[in-house]
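Residue-level structure breakdown
So the chains spell out like this:
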Amino acid sequence: GLSAARIGDRQAHGEGRTAAEPGTCHPDRTGAQPVPNSGNALSGIGILVVEDMEDTRSLVVRLLSDAGATVREAASAEEALREVAERVPDILVSDIGMARTDGYQLIRMLRAAGHSAEQLPAIALTAFVRTEDRSDALEAGFQLHLTKPVSPGVLIAAITNLRAAGTKDPSSGG
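This report concerns the structure included in the present document. (Residues numbered from 1 in each chain as written. Predicted model: local features only at pLDDT ≥ 70, side-chain atom pairs only at ≥ 80, totals over all residues. Heavy atoms only, no water.)

Structural notes on the overall build of the protein
Each helix and strand in the protein was counted, giving six helices and five strands. Each helix and strand of the protein, ordered N terminal to C terminal, gives the series α-β-α-β-α-β-α-β-α-β-α. When the accessible area of the protein is evaluated, it comes to approximately 8,700 Å², of which 49% is carbon and sulfur surface. (Helix = DSSP H or I, 4+ residues; strand = E, 2+ residues; numbered from the N terminus. Areas by Shrake-Rupley, 256 points an atom, 1.4 Å probe, with all protein chains shown as cover.)

Here's the deal with helix α4 (residues 103–112)
Regarding α4, the residues found buried are G103, Y104, L106, I107, L110 and R111. Down the axis of α4, the buried set is contained in an arc of 165 degrees. They therefore lie on one face. Against the buried residues of α4 lie β1 (46–50), α3 (77–86), β3 (91–94), β4 (122–126) and α5 (131–140). Among the residues of α4, the N-terminal cap falls to D102, whose side-chain oxygen and the backbone nitrogen of Y104 are separated by 3.1 Å. G114 sits one or two residues past α4 and shows a positive phi near 100 degrees. (Buried < 20%, exposed > 50% of the residue type's maximum accessible area, 1.4 Å probe, protein only. Arc of directions from axis to C-beta. Contact = heavy atoms within 4.5 Å. Polar contact = N/O pair within 3.5 Å; in protein donor to acceptor, adjacent residues only side chain to side chain.)

A few points about the side chain of D95
As for its position among the elements, D95 is in the loop between β3 and α4. One polar contact links D95 to K148, side chain to side chain, over a distance of 3.3 Å. When sequence neighbours within four positions are dropped, the list of residues in contact with D95 reads V50, E51, D52, G103, L125, T126 and K148.

Considerations on the sheet that holds β4
Read from one edge of the open sheet, five strands run β2-β1-β3-β4-β5, paired in parallel fashion. A strand with exactly one partner marks an edge of an open sheet, and here the two such strands are β2 (70–74) and β5 (144–147). Taken over all neighbouring pairs, the strand axes of this sheet differ in orientation by 20 degrees on average, direction set aside. In this structure, β1 lies alongside β2, joined through five bridges in parallel fashion. Paired with V50 across the bridge in β2 is A74. (Pairing = 2+ DSSP bridges. Axes fitted to C-alpha atoms, helices over the stretch in contact; angles between N-to-C directions.)

Some details on the pairing of β4
Most of β4 is tucked away, with five of its five residues classed as buried. Across the two faces of β4 the burial is the same, with A122, A124 and T126 and I123 and L125 all buried. Strand direction decides the pairing type here: β3 and β4, joined by three bridges, are parallel. Bridge assignment links S94 to a residue of β4, and that residue is A124.

Geometry only, nothing functional implied.
Now the structure itself:
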């Protein structure tokens with residue numbers, strides 16, 4: 001099983017790898033250092049965290065909040081669907097292995113309801129680490145597949161890069 005304390009406890013000796021190509025953001029084998037002064041790295045970004053394990057969910061919510069994000073949380077896919085119906089977040093971060101309705105089913109339901117990848121970019125944050133798990137996540141509708149435990153720096157960079165790739169604000173100059 002995954003201990004929530006293990007998500008952020010890996011020490012780093014290098015940077016996490018990110019790539020412009022969708023679905024290719026993976027931490028290196030040693031993890032990555034937390035982003036220095038990341039207090040505002042996610043400022044202005046609304047994130048919905050979907051995780052059925054309370055300790056893991058609380059840890060991810062705190063990490064993202066500490067980085068400046070506005071974070072909502074859901075303990076199930078059903079709760080997540082209600083949250084999205086109420087207000088669509090900028091980014092969805094979801095576990096895959098959840099009771100009743102899993103993360104694959106959740107993202108398929110959101111995409112079928114008209115929430116495109118451009119409108120609602122999504123990251124699978126999961127203990128499922130096989131190549132086929134990554135392929136399944138991307139095919140289901142996630143843009144990135146990150147494996148637990150993930151370092152704070154890698155998760156923050158993934159969210160920042162995914163948000164920047166989906167931002168269509170002409171005033172931003174890019």
